[in-house]
Each structure stands twice: as structure tokens, then as C-alpha cells.
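Listed here are the chains, written in short residue letters.
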2 protein chains.
Amino acid sequence: MVKHYEVFAALGDPTRQGIVDLLTRRERTVSELAGEFAISLPGTLKHLRVLQSVGVVSRTKTGRTVTVRLEPEPLGAAEDYLRRTRTFWTHQLDNLADRFADSKPKELR
Amino acid sequence: MVKHYEVFAALGDPTRQGIVDLLTRRERTVSELAGEFAISLPGTLKHLRVLQSVGVVSRTKTGRTVTVRLEPEPLGAAEDYLRRTRTFWTHQLDNLADRFADSKPKELR
DNA sequence: ATAATGCTTAACCATACGGTTCACTATAGC
DNA sequence: GCTATAGTGAACCGTATGGTTAAGCATTAT
């Protein structure tokens, strides 16, 4: 199971974000991607492996060319996590409830 | 200006995600946070500095204790970026339009 | 005044990470 | 069959990163 921070770590690099951004417009081959970033092909490969390891990207081999495609699901999961985290004020209502709990003989620590 | 990948990099560490998660419930002092993660206080400090550098967290000194608080804005920005990226299929309609553009004498490359 | 507490800074260490080059495999084209 | 093209793998390198300990500063408590 892939954790949220792993997806964030994968997105937390300028080159990888650039790759992701490119892939929003259309799918690309590995060497097309490498051509965009003034880094070597093996360097690009490493980034692709990181992105693929968290499911953000998938690769399909056709003949000798490999097509790289963006996968929306992990992005959605990360987005949901961010939304839940950002709306922490609702959680803080629970916190208010906790304070009341302090003056009661209830457990629920 | 803080870039998206910087926010993602900040969230892309298990300890820092843990800190953020804790702060969704309520604000904490620095040493409270340090107590939760079996890492030293200076280690915790480093993580806090990273989170603060991208604005995800803010610190307020009161006397000798420092209160750490979650800031929703950068999380929202990251969330928006993810949403835009995830809904790349709509962008690919533009791509389809591009193909038509190829057979036309229009520019718009 | 002294001691204890809360936080910070500095120096250091091992490992992970982003990059490279070189060698290799596999498919496509002549 | 030979050559060119697309992608991979392996080894290596410098720097960034996550962690530590030790020392220092500022505020609170005795």
C-alpha cells in the first residue's frame, strides 16, 4: 500500500513535476520526455521509476517505444488527503469537545 | 514565491506528515511535537523549519514556549494543483482540438 | 541569585538522491 | 545480416537530507 507522503515525495521534485505537467496535455514516449528536460535519458528513467512506484504514471511498451501515461487515481487520493487536512477546523470542534470531557468523569482521553 | 513541488517535498516525509496530522486536531508546542516522534528535539525543529519555509505551519512565541499551528492556505494551493492535474482528461480535449488544428492553416501551436 | 525549562544553533555523520557515463538488450529499417 | 534507434541497467559521484550530540540563550520558578 502506497502512503500519502510517498506520493508527495514523488511529486516533490521539479523535474518530476515537470514530467507530470507535460503528461497532462498528452502521453509521451520516454525519449520525448527526456528531450524536454536537458537531463540524460537514464536520469529521466529514474524519475519515471519513482513516479511509477507510487502509481502516478504507467508505462506501456509497444515495439521498442514505451508510452508514459498519467494515472489520475493516486493524484485523487493525495488530493483527498489534502482536503481532509486543510479542513482541520472541523476536527477542532472535536477538540472543543475534548475540553468539556476534561471536566467530566468520562474516559475517552 | 513558493512552488508546488516545494510544498509536496515538505509533505513528502513520514515525520513531517505525522506532524501535520497531529496539528489537524489542535495546535501544539514544539516539545509536545517532539515527544510524539521518538526523535530528538533539534530533529523536530528541522522538520518544523521545512514546513514553515513553505508556509504549511506557523510558529508563535509566547514567553519561552512556541506554539505551532497549521496554515490552510498552502495546502489549498497544493490541492488545487492536484485537482487541475488530475482532471487532465479535459485538457486532452484540447489536445484533440490540436489534431484538428494540424489540418488547418491556423497557428496556435 | 540559582536552577530548571523550552527552544535554538552548530557541528558532525551516514545514507539517500539526483545526476552522470558506459555498456547492454531489443526492436526496426535497409 | 548489419546498423540505427529506444529503452535499461550498473557503477559511480557530489550534494542534500534526516538524524544525532553538545552547547547556548531566554524565560519561568524557587
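Refer to the structure presented above.
Residues numbered from 1 in each chain as written. Chains lettered and ligands numbered in written order. Predicted model: local features only at pLDDT ≥ 70, side-chain atom pairs only at ≥ 80, totals over all residues. Heavy atoms only, no water.

Participant: Mind showing me how you'd approach the protein's contact with DNA strand C here?
Facilitator: For DNA strand C, the set of nearby residues contains 21 residues, the closest of which are Ser40(A), Lys46(A), His47(A), Ser31(B) and Arg64(B). Protein-adjacent atoms of DNA strand C, using a 4 Å cutoff, are sugar or phosphate at a proportion of 67%. Take Arg16(A): an N or O atom from its side chain is 3.0 Å from a phosphate oxygen of DNA strand C. Those elements that place two or more of their residues in the surface near DNA strand C are α2 (14-25) and α4 (41-53) of chain A together with α3 (30-36), α4 (41-53) and β3 (65-70) of chain B. Here the element with the most residues in the surface near DNA strand C is α4(A); it accounts for four residues. A breakdown of the residues in the surface near DNA strand C according to their chemical character gives seven nonpolar, eight polar and six charged. (Near = heavy atom within 4 Å. Polar contact = N/O pair within 3.5 Å; in protein donor to acceptor, adjacent residues only side chain to side chain. Helix = DSSP H or I, 4+ residues; strand = E, 2+ residues; numbered from the N terminus. Nonpolar A, V, L, I, M, F, W, Y, C, P; charged D, E, K, R; others polar.)

Participant: So what exactly am I meant to see when it comes to the relation of the copies chain B and chain A here?
Facilitator: What relates the pair of chain copies is a rotation about an axis plus a shift along that axis. Of the transformation placing chain B onto chain A, the axial shift is 0.0 Å and the rotation is 180°, giving an RMSD of 0.0 Å. Here the transformation between the copies is reduced to the relation of a two-fold axis. Mapped onto chain A, 94% of the interface residues of chain B are again interface residues, and the two copies thus contact each other with one and the same surface. (Least-squares fit on C-alpha atoms with pLDDT ≥ 70 in both. Contact = heavy atoms within 4.5 Å.)

Participant: Which parts of the structure should I look at to understand the pairing of strand β2 (residues 57-62) of chain B?
Facilitator: In the case of a regular strand, side chains alternate between the two sheet surfaces. Residues and elements named next belong to chain B. Both β2 and β3 contribute to a ladder of six bridges, which runs antiparallel. Across the sheet, the residue bridging to serine 58 is arginine 69, located in β3. What sits between β2 and β3 in their antiparallel hairpin is a turn of two residues, with glycine 63 showing a positive phi close to 65°. (Pairing = 2+ DSSP bridges.)

Participant: Can you walk me through the nonpolar core in this structure?
Facilitator: One broad rule of soluble globular proteins: the nonpolar side chains tend to lie buried together. Of all hydrophobic cores here, the largest spans 47 residues; its most connected members are Leu82(A) and Leu82(B). Discounting residues that sit within four places of it in the chain, Leu82(B) has contacts with Phe8(A), Leu11(A), Leu75(A), Ala78(A), Glu79(A), Leu82(A) and Phe8(B). (Core = buried A, V, L, I, M, F, W, Y, C linked by side-chain atoms within 4.5 Å. Buried < 20%, exposed > 50% of the residue type's maximum accessible area, 1.4 Å probe, protein only.)

Participant: Hey, could you run me through the interface of chain B and chain A in this one?
Facilitator: Taken together, the 35 residues of chain B in the interface contact 33 residues of chain A. At the surface where chain B touches chain A, the tally comes to two salt bridges. For Glu79(B), the salt bridge is made with Arg86(A), and the minimal N-O distance between the two is 2.5 Å. If you list the elements that add at least two residues to the side of chain B that touches chain A, you get α1 (4-11), α2 (14-25), α5 (72-86) and α6 (88-102) of chain B. For the side of chain B that touches chain A, the element with the most residues is α5(B), which contributes 10 residues. Residues of the side of chain B that touches chain A, tallied by class, amount to 15 nonpolar, nine polar and 11 charged. (Salt bridge = Lys/Arg side-chain N within 4 Å of Asp/Glu carboxyl O.)

Participant: What am I meant to see in the sheet that holds β3(B) here?
Facilitator: Adjacent strands of a sheet form backbone hydrogen bonds with each other and so pair up, either parallel or antiparallel. Residues and elements named next belong to chain B. As summarised here, the arrangement of the three strands in space is β1-β3-β2, forming an open sheet in which the pairing is antiparallel. Edge positions in the open sheet fall to β1 (28-29) and β2, since each of these has one partner strand only. As judged from the two bridges shared by β1 and β3, these two strands associate in the antiparallel manner. Following the sheet pairing, threonine 29 is matched in β3 by threonine 67. Across the sheet, α2 lies against β1, β2 and β3, angled at about 90° from β3, the strand it touches most. (Axes fitted to C-alpha atoms, helices over the stretch in contact; angles between N-to-C directions.)

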